[in-house]
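# A look at the structure
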Amino acid sequence: MEPLCPAVLDLPGPLHRPYAARPRALRGPLELYLAEVGAQDEQALLWAQELLDGEERARARAFRRARDRDAYVIAHATLRALLGPLLGVRADELPLMREPCAGCGAPHGRPALRAPGLHFSLSHSGDLVLVALAGTPVGVDVEGLASAEAVRSAQCALHAAEVAELARLPAYERPAAFTRTWVRKEAYLKGLGTGLVRDPALDHVGTGDRPVSPSPRWTLRDVLVPAGYAAAVALRRE
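I will try to describe carefully the structure that is included in this document.

Thresholds applied
- Residues numbered from 1 in each chain as written.
- Predicted model: local features only at pLDDT ≥ 70, side-chain atom pairs only at ≥ 80, totals over all residues.
- Heavy atoms only, no water.
- Helix = DSSP H or I, 4+ residues; strand = E, 2+ residues; numbered from the N terminus.
- Buried < 20%, exposed > 50% of the residue type's maximum accessible area, 1.4 Å probe, protein only.
- Contact = heavy atoms within 4.5 Å.
- Areas by Shrake-Rupley, 256 points an atom, 1.4 Å probe, with all protein chains shown as cover.
- Salt bridge = Lys/Arg side-chain N within 4 Å of Asp/Glu carboxyl O.
- Pairing = 2+ DSSP bridges.
- Axes fitted to C-alpha atoms, helices over the stretch in contact; angles between N-to-C directions.

As a further point, take the overall build of the protein chain. Per the secondary structure count, the protein chain includes seven helices and nine strands. Across its three principal directions, the C-alpha atoms of the protein chain cover 55 × 40 × 35 Å. Here the protein chain holds 238 residues, and 45% of them are scored as buried. Contacts in the protein chain between residues at least 24 apart in sequence constitute 63% of all its contacts with a sequence separation of at least 6. If you sum the accessible surface of the protein chain, you get close to 11900 Å²; carbon and sulfur atoms cover 54% of it.

What follows is the structure, encoded as structure tokens:
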């Protein structure tokens, strides 16, 4: 099964259109979009900042490194620019909310829409932003390649079968195998809505070239992203 290839999003285009003429339907059960932070110019960043709400702007200001701040701004503006046309509303007027935290129940969980029938997931790491849109619960994750030290220290977060699979690989192959395993787990747990509140070691997603679906109700696929990263998406079947 080949990895899914996301559409590369040109931010200045969608961000420059503040209004959506009418709602549009999803182009299938799943839409995937990729944005590269470093590819955006200063004008795109300015447009992106204008789309954020007060809470998002406060979160952006809290980042110490400009690169991290830009990534956050681009990620959340990208999400708004994609959701706006689907609902037929201005990107800066989306009915977004925070779901209850899966751990404590407080209203600081993942962002969601106050609108039925549309689900999304957002992930950003380093220079990449990945967004998934779907008609059923969905989770997406992108990560930079793990270090050898991270692989050694995170063994407890893997399923026993995955630990055994990694042990059979040459040392130089383990960082890539671990990273693709980790993004598969994160995507699935985001789709479930639990995040890492659920022990990631419970679910076997595999370390090989093809993911193993941890549940018959979910489809798990790798996503094609630039070298140095790994990504995956989990989609609940209807």
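What follows covers the pattern of salt bridges. In this structure the tally under the stated criterion is 14 salt bridges. For the salt bridge of Arg27 with Glu31, the shortest nitrogen-to-oxygen distance reads 3.7 Å. Here Arg27 falls in the exposed class, since its relative accessible area comes to 63%. Taking relative accessible area as the criterion, Glu31 reaches 4% and is therefore assigned buried.

So, on to the sheet that holds strand E6 (residues 128-134). The strand order across the open sheet formed by four strands is E1-E2-E6-E5, and the pairing between neighbours is mixed. Each end of this open sheet is capped by a strand with a single partner; those strands are strand E1 (7-8) and strand E5 (119-125). Bridge analysis of E5 against E6 gives seven bridges, and the strand direction is antiparallel. Its bridge partner being in E6, Leu122 is matched across the sheet by Val131. Contacting strand E2 (30-36), E5 and E6, helix H4 (residues 66-87) crosses the sheet at an angle of about 25° to E6.

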